[in-house]
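# Descriptive analysis of the structure
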Amino acid sequence: MSLIEVRNLTKQFPIRGGVLNRVINKVHAVSDVSFEIATGETLGVVGESGCGKSTLGKTLIRLLEPTEGLIAYEGEQITGLSHGQMMPYRRKMQIIFQDPYSSLNPRMTVNATLKEAIKLHQVLESGESMDDYIDGLMKQVGLRPDDKRKFPHEFSGGQRQRIGIARALCVRPDFIVADEPVSALDVSIQAQVLNLMKDLKEKLGLTMLFISHDLKVVEHFCDRVLVMYLGHVVEEVPTDNLDNDAQHPYTKALLGANPIDDPTDRRPLTILEGDVPSPINPPPGCPFAGRCPMVVDHCRTAMPPLERKKSGRLVACYEIE
């Protein structure tokens, strides 16, 4: 059974203007996205900046309200639940934010930050000590228990992100959205944080949605990957043999832009011409049509469905069999 099911999820942001502050247009951030995440699985989401990755993750756990579509957790629909009805799911579904500098309250110590969430969700079991529980969390993410008395400005970026991970874990969740958790960190620190997250995922049996713009990171960390372009999912592919399994021209272009480990291992470089269309006025049909080397007339009038091809892969492309 899938832990998470998403059906035809759409998120639009209204643009208001004029004297009466009327809605004059909309930003189409996520358009008709469907997928499932099995218990214990890590699903990656990749794409260029502005493609809707973070909006998808925040809408999934209802930090943002969906415009249309359905979200189910363990078979129970959570799309229309009130704030009070969502509280049990808030404990089960947590997020690690991208920026460790802005996601922590600078006026609160680490101890106060963790204690607030633990008390709100009544996490402690009978006989458990708050101090011992927080000390255990600090050790779990590679920090000293005494560090809980410090404020965020006293930590480095990598340490702050470890605190962000501890905050997500402190309510004992089952599902975590990791929203580009290492993109704001130095390269030398990224691998340490990723390895920590991978160890914690396996140790605690977590299910994850891992958002990134780096296919190399996703290949290392995830079981499957959704490739997004201008709010649409254009391909879903396993990560165990990503270079050979990817079929959509946009996915191939992303892979071609990755640095290669062996300089003698040359691969064809796909250079995409043109610009990403505006999410305010997306073109009819496939949003990638204006840059796609495989474009046909039908692509400009109708968005190809994400469907299973003869290869067994889910691809949104009319020209791939």
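Residues numbered from 1 in each chain as written. Predicted model: local features only at pLDDT ≥ 70, side-chain atom pairs only at ≥ 80, totals over all residues. Heavy atoms only, no water.

## Remarks on the overall build of the protein
- When its secondary structure is counted, the protein shows nine helices and twelve strands.
- Counting over 321 residues, the protein shows a buried share of 49%.
- Considering only contacts within the protein whose residues lie at least 6 apart along the sequence, 63% involve residues at least 24 apart.
- Charge centroids of the protein, computed over 37 positive and 42 negative side chains, lie 6 Å from each other. (Helix = DSSP H or I, 4+ residues; strand = E, 2+ residues; numbered from the N terminus. Buried < 20%, exposed > 50% of the residue type's maximum accessible area, 1.4 Å probe, protein only. Contact = heavy atoms within 4.5 Å. Lys, Arg positive; Asp, Glu negative; His and termini not counted. Charge placed at Lys NZ, Arg CZ, Asp CG, Glu CD.)

## Quick notes on the side chain of Asp245
- Its location among the elements puts Asp245 in helix 8 (residues 242-245).
- A polar side-chain atom of Asp245 sits 3.0 Å from a polar atom in the side chain of Arg313.
- Other than its neighbours up to four places away in sequence, Asp245 contacts Glu235, Val237, Asp240 and Arg313. (Polar contact = N/O pair within 3.5 Å; in protein donor to acceptor, adjacent residues only side chain to side chain.)

## Regarding the pairing of strand 4 (residues 68-73)
- In the sheet, strand 1 (residues 2-17) pairs with strand 4 via five bridges, with the strands oriented antiparallel. When the sheet's bridge partners are listed, Ile4 is paired in strand 4 with Tyr73. (Pairing = 2+ DSSP bridges.)

## Points about the environment of Val23
- Considering the arrangement of structural elements, one finds Val23 in strand 2 (residues 22-38).
- Residue class for Val23 comes out partly exposed when judged on its relative accessible area of 42%.
- With 180 residues separating them along the chain, Val23 and Lys203 place their C-alpha atoms 48 Å apart.
- When sequence neighbours within four positions are dropped, the list of residues in contact with Val23 reads Pro14, Ile15 and Arg16.

## Section: the state of the cysteines
- The final tally for this structure, using the stated rule, is zero disulfides.
- With no disulfide of its own, Cys292 has Cys317 as its nearest cysteine by sulfur position, at a separation of 5.7 Å.
- For Cys292, a relative accessible area of 13% puts it in the buried group.
- Cys286 provides the cysteine sulfur closest to Cys299, a residue in no disulfide bond, and the two sulfurs are 6.1 Å apart.
- Look at Cys299 and you get buried, because its relative accessible area is 8%. (Disulfide = S-S within 2.5 Å.)

## Comments concerning helix 9 (residues 249-256)
- Burial of helix 9 is extensive: seven of the eight residues sit out of reach of the surface.
- Looking at helix 9, one finds that the buried residues are Pro249, Tyr250, Thr251, Ala253, Leu254, Leu255 and Gly256.
- On its buried face, helix 9 is in contact with strand 3 (42-46), helix 7 (215-221), strand 9 (224-229), strand 10 (232-238) and helix 8.

## Re the nonpolar core
- Counting residues in hydrophobic clusters, the biggest one holds 58 residues, and the most contacted among them are Leu114, Ile118, Ile165, Met197, Phe210 and Tyr250.
- Those residues in contact with Leu114, other than ones at most four positions away along the chain, are Ile134, Leu137, Met138, Ala166, Arg167 and Cys170.
- Core analysis: the second largest hydrophobic core is formed by 29 residues, Leu3, Leu9, Val33 and Leu43 among them. (Core = buried A, V, L, I, M, F, W, Y, C linked by side-chain atoms within 4.5 Å.)

## Focus: the packing of helix 5 (residues 157-169) against helix 6 (residues 187-204)
- Two numbers describe how helix 5 lies on helix 6: the axes approach to 10 Å, and their chain directions differ by 15°. On the basis of the axis angle, helix 5 is roughly parallel to helix 6. Remark: the crossing between helix 5 and helix 6 carries right-handed chirality. Contacts between helix 5 and helix 6 involve Gly158, Gln161, Arg162, Ile165 and Leu169 on the former and, on the latter, Ile189, Gln192, Val193, Leu196, Met197, Leu200 and Leu204.
- Classifying every residue of the contact of helix 5 with helix 6 by side-chain character gives eight nonpolar, three polar and one charged. (Axes fitted to C-alpha atoms, helices over the stretch in contact; angles between N-to-C directions. Parallel < 35°, antiparallel > 145°, perpendicular 65-115°, else oblique. Left-handed = near helix turned anticlockwise from the far one by under 90°. Nonpolar A, V, L, I, M, F, W, Y, C, P; charged D, E, K, R; others polar.)

## Quick look at unusual backbone geometry
- Although it is not a glycine, Asp32 adopts a positive phi angle of roughly 55°.
- Here Asp32 lies in strand 2.
- Given a relative accessible area of 49%, Asp32 falls into the partly exposed group.
- Even without glycine at this site, Glu180 takes up a positive phi of about 45°.
- Here Glu180 shows up in the loop between strand 7 (175-179) and helix 6.
- The class of Glu180 is buried, set by a relative accessible area of 10%.

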